[in-house]
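# Structural features, examined
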Amino acid sequence: MKILVAIKRVVDPNVQVRALPDSTDADIAGAKMSINPFDENAIEEAVRLKEKGTVTEVVAVTLGTSASQDILRHALAMGADRALLVETDVALQPLGVAKLLKAVVEREQPGLVLLGKQAIDDDCGQTGQMLAALLGTAQATFVSALAVAGDEAIATREIEGGTEQIAVKLPAVLTADLRLNEPRFVKLPNLMMAKKKPIETLSAAELNADIAPRLAQLKISDPPARAPGIKVNSVHELITNLQKEGVLS
Ligand code: AMP
């Protein structure tokens, strides 16, 4: 069985992002970029399934500009066998991503498609769900444990106040939670070896999907600045202050 893993290039999670002065977008010019953290969990899980002998091939796919080759190299260094870049300069929204991924799924025919549960730049958390709907397959979102047996995947899902275990018929779309695993550290020799693995490039236009934006971004703003803290001299003063602020009654 083949696994397709969709990975997105996002601003590195350690970068403090600010809004542009005119509030039209986030100022990420020159910022360090990385693979989306949840997508790294998805790659790790796919590689582990291959190491267990459950799957035969792990294919990483990203949609974006040629700069996204760096995250494909990272996925290859983690153990993916092949990588696919669907090249486009269009700023994609989740529905456009889901439509392009549907076309990739139709070409590659994977038994399982893994995505992150959300991209940390747009925080949409929509693409996996839309992709499953477009493909008409089962889906399991926020997956924190996974076992594949025969034509089924048993997924443990993170839900409010606990976990839920479900069985989904393959082929299916799954989205990875951070608790799914601890992604392996990529060593320099693996990165060097990854340079020899193939990256296939397709243009988004070849996939014939309608990726026109459906949403208009009106404004991006920084969160309000935190008020400075104060030192109190006693528990009594703390409680009185909290009561004044309406935090305690
Ligand atoms: P979102 O719905 O935008 O929060 O993204 C959820 C997941 O969809 C991400 O964790 C990725 O697995 C996948 N995804 C989103 N955008 C892209 C992209 N441009 N290329 C590949 N995968 C993507």
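Use the structure listed above.
About the cut-offs
Residues numbered from 1 in each chain as written. Predicted model: local features only at pLDDT ≥ 70, side-chain atom pairs only at ≥ 80, totals over all residues. Heavy atoms only, no water. Helix = DSSP H or I, 4+ residues; strand = E, 2+ residues; numbered from the N terminus. Buried < 20%, exposed > 50% of the residue type's maximum accessible area, 1.4 Å probe, protein only. Salt bridge = Lys/Arg side-chain N within 4 Å of Asp/Glu carboxyl O. Pairing = 2+ DSSP bridges. Axes fitted to C-alpha atoms, helices over the stretch in contact; angles between N-to-C directions. Near = heavy atom within 4 Å. Polar contact = N/O pair within 3.5 Å; in protein donor to acceptor, adjacent residues only side chain to side chain. Areas by Shrake-Rupley, 256 points an atom, 1.4 Å probe, with all protein chains shown as cover. Nonpolar A, V, L, I, M, F, W, Y, C, P; charged D, E, K, R; others polar.

### Quick word on the environment of Gln243
Within the element layout of this structure, Gln243 appears in helix H6 (residues 235-244). A relative accessible area of 39% means that Gln243 is categorised as partly exposed.

### Notes on the pattern of salt bridges
Within the structure shown, the criterion is met by 22 salt bridges. In this structure, the salt-bridge partner of Lys2 is Glu108, at a minimum N-O distance of 2.6 Å. In this pair, Lys2 sits in strand S1 (residues 2-6) while Glu108 sits in helix H3 (residues 94-108), placing the two residues 106 residues apart along the sequence. According to the relative accessible area criterion, Lys2 is buried, its value standing at 18%. When its relative accessible area of 10% is taken as the criterion, Glu108 is described as buried. Glu152 is the partner of Lys169 in a salt bridge, and the nearest nitrogen-oxygen pair spans 3.5 Å. Of the two residues, Lys169 is situated in strand S11 (residues 162-169) and Glu152 in strand S10 (residues 152-159); the sequence distance between them amounts to 17 residues.

### Focus: the sheet that holds strand S6 (residues 57-64)
What links the strands of a sheet is backbone hydrogen bonding, and the strands pair in either a parallel or an antiparallel sense. The sheet built from 9 strands is open, its strands ordered S11-S10-S9-S12-S8-S1-S6-S7-S13 with mixed pairing. Single-partner strands in this sheet number two, and they are S11 and strand S13 (199-203). In this sheet, neighbouring strand axes are inclined to one another by 35 degrees on average, regardless of whether the strands run parallel or antiparallel. As paired strands, S1 and strand S8 (residues 112-116) are joined by 3 bridges and run parallel to one another. Residue pairing across strands places Val5 opposite Leu114, the latter belonging to S8.

### Observations regarding the site of the ligand
Around the ligand lies a shell of 18 residues, among which Asp39, Ala119, Gly125, Gln126 and Thr127 are the nearest. Asn36 places a side-chain nitrogen or oxygen 3.1 Å from an oxygen atom of the ligand. In this structure, an oxygen atom belonging to the ligand sits 2.8 Å away from a main-chain N or O atom of Gln126. Coverage of the ligand by the protein amounts to 98% of the 490 Å² it exposes when considered alone. Sorting the residues of the shell around the ligand by element identifies S6 and S8 as the ones contributing at least two each. Residues belonging to the shell around the ligand are distributed by class as follows: 8 nonpolar, 7 polar and 3 charged.

### Description of the pairing of strand S9 (residues 138-149)
Within a regular strand, side chains alternate between the sheet's two faces. Here S9 pairs with strand S12 (residues 172-176) via 4 bridges, running parallel. By the bridge assignment, Ala138 is partnered in S12 with Ala172. Bridge analysis of S9 against S10 gives 6 bridges, and the strand direction is antiparallel. Residue pairing in the sheet places Ala147 in a bridge with Ile154 of S10. Remark: 2 residues form the turn of the hairpin made by S9 and S10, two consecutive strands paired antiparallel; Gly150 in that turn has positive phi of roughly 60 degrees.

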